[in-house]
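# Structural overview
In case you want the letters, here they are:
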Amino acid sequence: MTTIIELLEEDHQQVKSLLDDIKSTGDDAVRSRRDKFKQIQEALEIHTRFEEEKFYPRARALTGMDEEVDDDLEEHDEAKRMLDEISETDPGDAEWMEMIEELDEALRHHISDEEEQLFPATRQAMETEEAETLGKEYARMKKRASAQAAE
Ligand SMILES: [Fe+2]
Ligand SMILES: [Fe+2]
């Protein structure tokens, strides 16, 4: 069965590849830029919500990595500010791609932090059963969100 850490890492891959897609678009690809940016926003909305509400509190309790978790939370706030700013800018503006590049850098930094520090420590400290139960819970939450989005 899939653990929560595997699922969160899959999201990281998805977001990185969407960012790569956006960076390879030309200034005339406004619609595709907008679509892909929306996919990033949606993926991150649910991902960060689950990390903040469920995963980080357990990871913090199991590993005692308070400083690390606090940093990760700050990085989430920063990313949310960047996402808001980008969504208020026209994808055809030169500024838009600069903002995407900043977002790309910030997200890759955050993702490496998680994957190199908190995730391995949590993987060690968490029972497989709990990691799988959290995985199931997260998969259900994502399913509900996509059903709602399709309505
Ligand atoms: Fe993450
Ligand atoms: Fe995160």
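Details of the structure are given in the entry above.
Rules used throughout
Residues numbered from 1 in each chain as written. Chains lettered and ligands numbered in written order. Predicted model: local features only at pLDDT ≥ 70, side-chain atom pairs only at ≥ 80, totals over all residues. Helix = DSSP H or I, 4+ residues; strand = E, 2+ residues; numbered from the N terminus. Expected span 1.5 Å × (residues − 1). Contact = placed C-beta atoms within 7 Å. Core = buried A, V, L, I, M, F, W, Y, C linked by C-beta atoms within 7 Å. Buried ≥ 20, exposed ≤ 12 C-beta atoms within 10 Å, placed from the backbone. Axes fitted to C-alpha atoms, helices over the stretch in contact; angles between N-to-C directions. Parallel < 35°, antiparallel > 145°, perpendicular 65-115°, else oblique. Left-handed = near helix turned anticlockwise from the far one by under 90°. Nonpolar A, V, L, I, M, F, W, Y, C, P; charged D, E, K, R; others polar. Bend = angle between axes of the 7 residues up to and from the residue.

## Quick look at helix 5 (residues 128–150)
For helix 5, with 23 residues, the first-to-last C-alpha span of 33 Å sits near the 33 Å given by 1.5 Å per residue. In this structure, the buried residues of helix 5 make contact with helix 1 (4–23) and helix 2 (30–63).

## Here we look at the nonpolar core
Counting residues in hydrophobic clusters, the biggest one holds 14 residues, and the most contacted among them are Ile4, Ile5, Phe55, Ala59, Ala131 and Leu134. Counting only elements with at least two residues in this core, the list comes to helix 1, helix 2, helix 4 (94–125) and helix 5. It is helix 2 that contributes the most residues to this core, 4 residues altogether. The residues touching phenylalanine 55, leaving out its near neighbours within four places in the chain, are Ile4, Leu8, Phe50 and Leu134. Within the second largest apolar cluster, 11 residues are counted, among which are Ile22, Ile40, Ile86 and Ile100.

## Description of the packing of helix 2 against helix 4
Helix 4 packs onto helix 2 with a crossing angle of 70 degrees between their chain directions and a minimal axis gap of 9 Å. Taken together, the axes of helix 2 and helix 4 are roughly perpendicular relative to one another. Viewed along their axes, helix 2 and helix 4 form a crossing whose handedness is left-handed. Judged by residue contacts, Ala59, Leu62 and Thr63 of helix 2 engage Leu118, Ala121, Thr122 and Ala125 from helix 4. Its residues placed into classes, the contact of helix 2 with helix 4 shows 5 nonpolar, 2 polar and no charged.

## Concerning helix 4
Because an α-helix completes one turn every 3.6 residues, residues spaced three or four positions apart along the sequence face the same direction. With 32 residues, helix 4 extends 46 Å from end C-alpha to end C-alpha; this agrees with the ideal 46 Å at 1.5 Å per step. The largest bend in helix 4 amounts to roughly 35 degrees and is located at glutamate 114. Among the structural elements, helix 1, helix 2 and helix 3 (66–87) are those in contact with the buried residues of helix 4.

## A look at the packing of helix 2 against helix 3
Axis separation between helix 2 and helix 3 bottoms out at 11 Å; the angle between their running directions is 160 degrees. Between helix 2 and helix 3, the angle falls in the class roughly antiparallel. Between helix 2 and helix 3 lies a crossing of left-handed hand. Within the contact between the two elements, helix 2 uses Phe37, Gln41, Leu44, Thr48, Glu52, Tyr56, Ala59 and Arg60 and helix 3 uses Asp66, Val69, Asp72, Leu73, His76, Ala79, Leu83, Ile86 and Ser87.

## What about the environment of methionine 65?
Here methionine 65 shows up in the loop between helix 2 and helix 3. Distance from methionine 65 to threonine 122, taken between C-alpha atoms, is 9.5 Å for residues 57 residues apart in sequence. Residue contacts for methionine 65: discarding those within four places in its chain leaves Arg60, Leu118 and Ala121.

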